[in-house]
Amino acid sequence: FVDVPSFFPKGSHYLDYLEKKWDEMDCAIIVLDVMSNNSAENVTIMNFVKHCLKKRKDLPIVIVCNKVDDTEDEELMAMVDAVRKESLAVILGEKSREVVTNLAFIPISVKS
């Protein structure tokens with residue numbers, strides 16, 4: 001189990017470490033904040049995952065969308081959908097319209 005901080009400062013070694021260890025992993029779980037859709041950090045993480053899936057090892061990927069506290073809030077659920085679409089579009093690229101069996105997107109909340 002490898003847990004890295006959510007912020008990767010310039011010159012950070014975390015992504016290098018994860019790439020070196022990628023082949024040893026059985027699954028990658030990425031936690032994204034629903035409030036930070038399309039942030040530079042999210043895009044960096046998704047591009048990193050795409051790179052490792054293509055160049056290293058094809059792993060099952062679980063994207064967990066955090067802070068989804070009210071599933072009846074239409075604005076919040078629209079944000080969840082935007083995070084899902086952006087994440088899948090970046091990771092899958094042209095494959096985003098195909099059925100993919102090794103990738104899951106799960107909205108969660110600490111309140112439920």
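## Describing a negative patch on the surface
Together, D69, D70, E72, D73, E74 and E75 give the surface a local cluster of negative charge. Turning to its location among the elements, D69 is positioned in the loop between β2 (61-66) and α3 (74-92).

## Looking at the confidence of the model for the protein chain
As a note on interpretation, predicted positions should not be read in detail where pLDDT is low. Taken residue by residue, the protein chain gives an average pLDDT of 83. The fraction at 70 or more is 80%. Confidence, expressed as mean pLDDT per element, reaches its minimum in the protein chain at helix α1 (residues 14-21) with 85 and its maximum at β2 with 92.

## Remarks on the packing of aromatic side chains
Tallied over the full model, the rule gives one aromatic pair. Judged by centre distance (6.0 Å) and plane angle (90°), the rings of W22 and F48 are edge-to-face. Taken as a pair, W22 in the loop between α1 and β1 (28-33) and F48 in helix α2 (residues 40-55) lie far apart in primary sequence, 26 residues in all. Owing to a relative accessible area of 2%, W22 belongs among the buried residues under this scheme. The class of F48 is buried, set by a relative accessible area of 11%.

## Points about the environment of D33
In this fold, D33 is placed in strand β1. You can call D33 partly exposed: its relative accessible area is 24%. Distance in space between the C-alpha atoms of D33 and N66 is 4.9 Å, their sequence separation being 33 residues. The contacts of D33, once residues within four sequence positions are left out, are N42, N66 and K67. A polar contact of 2.8 Å, which involves the side chain of D33, links it to the backbone nitrogen of M35. Of the polar contacts made by the side chain of D33, one reaches the side chain of K67; its length is 2.9 Å.

## Focus on α2
The end-to-end C-alpha distance of α2, which contains 16 residues, comes to 22 Å, matching closely the 22 Å that a straight helix rising 1.5 Å per residue would cover. Every buried residue of α2 is accounted for by N42, I45, M46, F48, V49, C52 and L53. Each buried residue of α2 sits inside an arc of 155° when the element is viewed along its axis, so together they form one side. More than 90 degrees from the buried face of α2, the exposed residues found are A40, K54 and K55. In this structure, the buried residues of α2 make contact with α1, β1, β2 and α3.

About the cut-offs
Residues numbered from 1 in each chain as written. Predicted model: local features only at pLDDT ≥ 70, side-chain atom pairs only at ≥ 80, totals over all residues. Heavy atoms only, no water. Patch = residues over 30% accessible without salt bridge, like charges linked within 9 Å, V, L, I, M, F, W, Y side chains within 5 Å. Areas by Shrake-Rupley, 256 points an atom, 1.4 Å probe, with all protein chains shown as cover. Salt bridge = Lys/Arg side-chain N within 4 Å of Asp/Glu carboxyl O. Lys, Arg positive; Asp, Glu negative; His and termini not counted. Charge placed at Lys NZ, Arg CZ, Asp CG, Glu CD. Helix = DSSP H or I, 4+ residues; strand = E, 2+ residues; numbered from the N terminus. pLDDT = per-residue confidence, 0-100. Phe/Tyr/Trp six-rings, centres within 6.5 Å; stacked < 30°, edge-to-face > 60°. Buried < 20%, exposed > 50% of the residue type's maximum accessible area, 1.4 Å probe, protein only. Contact = heavy atoms within 4.5 Å. Polar contact = N/O pair within 3.5 Å; in protein donor to acceptor, adjacent residues only side chain to side chain. Expected span 1.5 Å × (residues − 1). Arc of directions from axis to C-beta.

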